[in-house]
Amino acid sequence: MTIPRYVDIHLLQTLPYSNINRDDLGSPKTLVYGGVNRTRVSSQSWKRAVRLDIERHLGDPAARTRWIPQQVADRLIERGWPAETAAAAGAQVVLSAGKGLKMEDDGVTSVLLYLPVTALDALADLAAEHREAIEAEMAKKKPAAALPAQEISAILSQRNGVINLFGRMMAEMPEVEVDGCVQVAHAFTTHATSAEVDFFTAVDDLKPSETRGSGHMNSAEFSSGVFYRYASVDIAGLAENLGDTSSAADLTCAFLKAFIVSMPTGKQNSTAAYTVPDLAYIAVRADRPVSLAPAFETPVKMSGEGGYAASSRDTLNGYATRLRALWGTDGIVADGHAGIDEKAFASLGPAVTGFADLIEKVVAAAYPQAVQG
């Protein structure tokens, strides 16, 4: 029996004039691939958009933050604690966690922590249980730990859906680490691009009538193109993280939906580049993840009618055809595609009417035991 281990998702998405992910100078991010310059969107940027979409869907947010002490103090103040005592309780969370975690002079932790928002309430509850011990240590010049370290560690080790998906790395407290089950590639254009400069001005509505000129002028850079996007889900690892195949299936479904619909927010107020992918190809694999990025190492040329989208879809299918001949298809448990074209792409699995049906099909193939149950 072939056992599903990974779900690969490949998208082609056309973005108009936009800059959804800027570099340190405000320009669209780039890379050189195949000897030409492409526009790039970092995996971190799109991954955050996906994570937030999943959290909204599940109603169970997580927070990556250095402000744990202040968050705990705020919760205790809302319960009627004096501000000074609440601040001491927040500091005790860090002090009691052990040698790995430190608090900086400005009241934040030395590293980012990643935990469900509900864990912040649990930390406040723990502090409330030990209020007398916290108050006793407040008067000392060098307070000792007043909270049980094991209970602090247990709360910081809590996870929710997105943490089980994306993982959590913290060298300072290895016991809270979670192996990530999602790998996301940087998105890049299938063809060569160059940034365009937009010079703009802003009108001062209340300037004196005799005053000439604008209230502000500046320039910004934008680009456009067809992006190849790729991610892989380790479904075996996710089931292990959750200890429940049915929950893993639901979470994989939520990830695939979010990966298709999510959009980074950079410059969206001025460009509204809210497109959806032109093509989605999803494969359930028993061997290993397989990116199709090499399809675009040679940059796609503009079609005779203009544009890169149709040529990019044909190029992806052509590369998949050659790869299947070279490597075979034994590792593919199930696959399929859905896209804007009326024609089907034979090497991208069976054509499916829409994204929802495609996701349902591949998740059922990825978790047959959950479907049977």
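In this report, the structure presented in the accompanying data block is examined.

Conventions we followed
- Residues numbered from 1 in each chain as written.
- Predicted model: local features only at pLDDT ≥ 70, side-chain atom pairs only at ≥ 80, totals over all residues.
- Heavy atoms only, no water.
- Phe/Tyr/Trp six-rings, centres within 6.5 Å; stacked < 30°, edge-to-face > 60°.
- Helix = DSSP H or I, 4+ residues; strand = E, 2+ residues; numbered from the N terminus.
- Buried < 20%, exposed > 50% of the residue type's maximum accessible area, 1.4 Å probe, protein only.
- Contact = heavy atoms within 4.5 Å.
- Salt bridge = Lys/Arg side-chain N within 4 Å of Asp/Glu carboxyl O.
- Polar contact = N/O pair within 3.5 Å; in protein donor to acceptor, adjacent residues only side chain to side chain.
- 1 Å grid on protein atoms, 1.4 Å probe; cavity = no way out; pocket = protein on both sides within 12 Å on 5 of 7 lines; lining within 4 Å.
- Points joined across faces, edges and corners; volume = space filled by probe spheres on them.
- Nonpolar A, V, L, I, M, F, W, Y, C, P; charged D, E, K, R; others polar.
- Patch = residues over 30% accessible without salt bridge, like charges linked within 9 Å, V, L, I, M, F, W, Y side chains within 5 Å.
- Areas by Shrake-Rupley, 256 points an atom, 1.4 Å probe, with all protein chains shown as cover.
- Lys, Arg positive; Asp, Glu negative; His and termini not counted.
- Charge placed at Lys NZ, Arg CZ, Asp CG, Glu CD.
- Core = buried A, V, L, I, M, F, W, Y, C linked by side-chain atoms within 4.5 Å.

Applying the stated criterion across every chain, the model contains 6 aromatic pairs. Ring centres of Tyr33 and Phe188 lie 5.3 Å apart, and the angle between their planes is 80 degrees; this geometry places the pair in the edge-to-face category. You can see Tyr33 sitting in strand 2 (residues 30–33) and its partner Phe188 sitting in strand 7 (residues 187–189), a full 155 residues away along the chain. Of the residues examined, Tyr33 reaches a relative accessible area of 22% and is grouped as partly exposed.

Moving on: the side chain of Thr271. Tracing the sequence through the fold places Thr271 in helix 10 (residues 268–271). Once residues within four sequence positions are removed from consideration, Thr271 is found in contact with Tyr17, Ser18 and Phe222.

The next subject is the pattern of salt bridges. Per the counting criterion, the structure on display carries 11 salt bridges. A salt bridge links Glu135 to Arg131, with the nearest nitrogen and oxygen atoms 3.1 Å apart. Of this pair, Glu135 and Arg131 both sit in helix 5 (residues 131–138), 4 residues apart, which is roughly one turn of that helix. Linking Arg324 and Asp335 is a salt bridge whose minimum nitrogen-to-oxygen distance equals 2.5 Å. Taken together, the residues Arg324 in helix 11 (residues 309–327) and Asp335 in strand 11 (residues 332–339) connect sequence positions 11 residues apart. Using a relative accessible area of 9% as the deciding quantity, one classes Asp335 as buried. Among the ionic contacts, a cluster of salt bridges with common partners joins Asp278, Arg313 and Asp341.

By the element assignment, Ile163 lies in helix 7 (residues 161–166). A sequence separation of 17 residues divides Ile163 from Gly180, and the C-alpha atoms of the two residues are 7.7 Å apart.

What follows deals with the environment of Glu177. Here Glu177 is to be found in the loop between helix 7 and strand 6 (182–184). In the structure, Glu177 is positioned 74 residues away from Leu251 in sequence and 19 Å away in space, judged by C-alpha atoms. Excluding residues that lie within four positions of it along the chain, Glu177 makes contacts with Arg168, Met169, Met170 and Ala171. Here Met170 takes part through its backbone nitrogen, which lies 3.3 Å from a polar atom of the side chain of Glu177.

Glancing now at empty space enclosed by the protein. In this approach, a probe sized like a water molecule rolls over the atoms, and the result shows the empty space that is left. The full count for this structure, using the stated rule, is 2 cavities of 30 Å³ or more. Here the largest cavity is characterised by a volume of approximately 140 Å³. Breaking the lining of the largest cavity down by element, the ones donating at least two residues are strand 10 (279–285) and helix 11. Examining the composition of the lining of the largest cavity, we find that 4 residues originate from one element, helix 11, more than from any other. For the lining of the largest cavity, the class distribution of residues is 8 nonpolar, 3 polar and 2 charged. In this model, the second largest cavity occupies a volume close to 70 Å³. Surrounding the second largest cavity, 13 residues form its lining, Asn19, Ile20, Thr39, Ser223 and Phe227 being those nearest its centre. Elements with a contribution of two residues or more to the lining of the second largest cavity: strand 1 (6–18), strand 3 (36–41) and strand 9 (216–234). In terms of residue count, strand 9 provides more of the lining of the second largest cavity than any other element does, 4 residues in total. Considering only residue class, the lining of the second largest cavity consists of 5 nonpolar, 7 polar and 1 charged.

On the surface, Glu175, Glu177, Asp179 and Glu240 cluster together to form a negatively charged patch. For Glu177, a relative accessible area of 34% corresponds to the partly exposed category.

Bringing the nonpolar core into the picture now. Residues Phe255 and Leu256 are the most contacted members of the largest nonpolar core, which totals 49 residues. Looking at this core, the element that brings in the most residues is helix 9 (residues 245–261), giving 9 residues. The residues touching Phe255, leaving out its near neighbours within four places in the chain, are Val50, Ile54, Leu165, Phe166, Val182, Ala231 and Val233. By size, the runner-up hydrophobic cluster in this structure holds 29 residues, among which are Ala73, Leu76, Val93 and Leu115.

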